[in-house]
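Remarks on the overall topology
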Amino acid sequence: MKYQIAIIGGGPAGYTAAEAAGKAGLSVVLFEKRSLGGVCLNEGCIPTKTLLYSAKVYDYAKHASKYAVTVPDASFDLGKIVARKSKVVRKLVLGVKAKLTAHQVNIVTGEAVIIDKNTVKCGEETYECENLLLCTGSDTFIPPVPGVDGVDYWTHRDALDNKEVPASLAIVGGGVIGMEFASFFNSLGVQVTVIEMMDEILGGMDKELSALLRAEYAKKGIKFLISTKVVGLSKDEAGVVVSYENAEGAGTVTAEKLLMSVGRRPVTKGFGLENLNLEVTERKCIKVDEHMQSSVPGVYVCGDLNGVSLLAHTAVREAEVAVHHIIGKEDAMSYRAIPGVVYTNPEIAGVGMSEEALQAAGIPYHTIKLPMAYSGRFVAENEGVNGVCKVLAAEDGTVLGAHLLGNPASELIVLAGIAIEDRKTVEDWKRYVFPHPTVGEIFREL
């Protein structure tokens, strides 16, 4: 069987590339060993946001009196919350499959193995291709902490399917995954402790806003141990014992459940990648050019495997760029304005450069910062809640970075991303007519 494009991995990069190539009239085969949608749709982006929305609704019900509404005896059913999550995932997976089928993509379920750049084997079948797209995603990284093999712990996958509310939860890692689960279980009344080795949670996000979010969740009862290294894991009658060290000395945290959320690593084994002899970067990731093409012509690498940005929305854009290059459409990948969002309550989001990155690069900038209370809509819908809009601009006013704390930061950050990608100035926002009242008007107030 011969195809113009063979794609390994059916996550956001893989299914986006398959659909785009199919729309362009190319013959496409897509290999996926588990479920279409990859980690993002099945055990990442979508299911976590489904759980978090249930938690947000429960939060609103508990605090409805702030808005002069009475909700007596607000409660939740975790089993039904998880069941709804699974229903949402099934619906969206079927939607992805339907779109691919509509564009004549041949979906093959199984483990694909690369023989060479033009040959892929899956089961007993061999497939020939003119172009090969590698979109194999990433796996959870479990650090080699002493004792880790002797205790039961959750990965994000286990936490998503858990149907019983633990009394307490220790989370190793205060990154995006760790903080989103901390938010979820905190809303359900679980005593949560977050242990983070760096000096602030959410590494990569704006430190000032991350500290404000941490303070907000500390008020909600989450205990944070930052600049703290986990040195051992064990278990006793009460649960899992996490031993740690920090500037104050050694200590322990005991919790009924333990969630390991230190990070993710690109999947590089098990599909014959070594048979291509691709050039790698200093960080041992697959090197690609602006068209997502590797050092071997006709072989493209999109998504987590190239190690540039382990985010689903980045993978989607990379896939589009790769297919455009194959069909001869002018396009190039830009990483100038990749948004990062944490779907806590309140949300935090950032795009472009942070103050830390600008300082490290020696780029002159000035900071414009406003409380979200400058937006009438924000005040109306966020009783007693603070928020911040922070924009970093060059000396000529060009927007270099933007960072938001407050709902709905995830929806607003794209306004800043467009400005950064198109090299707009802060003054340019004033030329656009924003609907009133909206929280997005905050950008016109800068």
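Structure report, in brief.

Here is what the cut-offs are and how they apply
Residues numbered from 1 in each chain as written. Predicted model: local features only at pLDDT ≥ 70, side-chain atom pairs only at ≥ 80, totals over all residues. Heavy atoms only, no water. Core = buried A, V, L, I, M, F, W, Y, C linked by side-chain atoms within 4.5 Å. Buried < 20%, exposed > 50% of the residue type's maximum accessible area, 1.4 Å probe, protein only. Helix = DSSP H or I, 4+ residues; strand = E, 2+ residues; numbered from the N terminus. Axes fitted to C-alpha atoms, helices over the stretch in contact; angles between N-to-C directions. Parallel < 35°, antiparallel > 145°, perpendicular 65-115°, else oblique. Left-handed = near helix turned anticlockwise from the far one by under 90°. Contact = heavy atoms within 4.5 Å. Nonpolar A, V, L, I, M, F, W, Y, C, P; charged D, E, K, R; others polar. Polar contact = N/O pair within 3.5 Å; in protein donor to acceptor, adjacent residues only side chain to side chain. Pairing = 2+ DSSP bridges.

Here we look at the nonpolar core
If you look at the biggest cluster of nonpolar residues, it comprises 34 residues, and the most contacted ones within it are Met-179, Phe-184, Phe-185, Val-192, Leu-202 and Ile-348. For this core, the secondary-structure elements that each account for two or more residues are α3 (45–62), α4 (78–102), α5 (156–161), β8 (168–172), α6 (176–187), β9 (191–195) and α7 (207–219). Counting 29 residues, the second largest nonpolar core, distinct from the first, contains Leu-41, Val-96, Met-292 and Met-333.

Quick look at the packing of α3 against α4
It is the contact of α3 with α4, at a shortest axis distance of 9 Å, that shows an interaxial angle of 140 degrees. In terms of their interaxial angle, α3 and α4 are classed as oblique. Of the two possible hands of crossing, α3 and α4 adopt the one that is right-handed. Mapping the contact onto sequence places Ile-46, Pro-47, Thr-50, Leu-51 and Ser-54 in α3 and Ile-81, Val-82, Arg-84, Lys-85, Val-88, Val-89 and Leu-92 in α4. In terms of residue class, the contact of α3 with α4 is built from eight nonpolar, two polar and two charged.

Details of the side chain of His-291
Along the chain, His-291 falls in the loop between β15 (264–266) and β16 (299–301). Here Asp-331 takes part through its backbone oxygen, which lies 3.1 Å from a polar atom of the side chain of His-291. Setting aside residues up to four positions removed in sequence, His-291 forms contacts with Tyr-300, Val-321, Ala-322, His-325, Asp-331 and Ala-332.

Focus: the environment of Glu-180
Within the secondary structure, Glu-180 sits in helix α6. Along the chain, Glu-180 and Asn-345 lie 165 residues apart, while their C-alpha atoms are 8.9 Å from each other. Apart from residues no more than four positions distant in its own chain, Glu-180 is found in contact with Thr-48, Lys-49, Leu-52, Val-341, Val-342, Tyr-343 and Thr-344.

Re the sheet that holds strand β20 (residues 388–393)
Strand order in the open sheet made by the five strands is β17-β18-β21-β20-β19, with antiparallel pairing throughout. One side of each edge strand has no neighbouring strand; the edge strands of this open sheet are β17 (340–342) and β19 (366–371). Adjacent strand axes in the sheet meet at a mean angle of 10 degrees, parallel and antiparallel pairs treated alike. With six bridges connecting them, β20 and strand β21 (residues 399–405) associate as antiparallel partners. Bridged to Val-391 within β21 is Ala-402. Against the sheet, α7 contacts β18 (348–352), β19, β20 and β21, and its axis sits at roughly 0 degrees relative to β21.

All we've got here are geometric facts, nothing functional implied.
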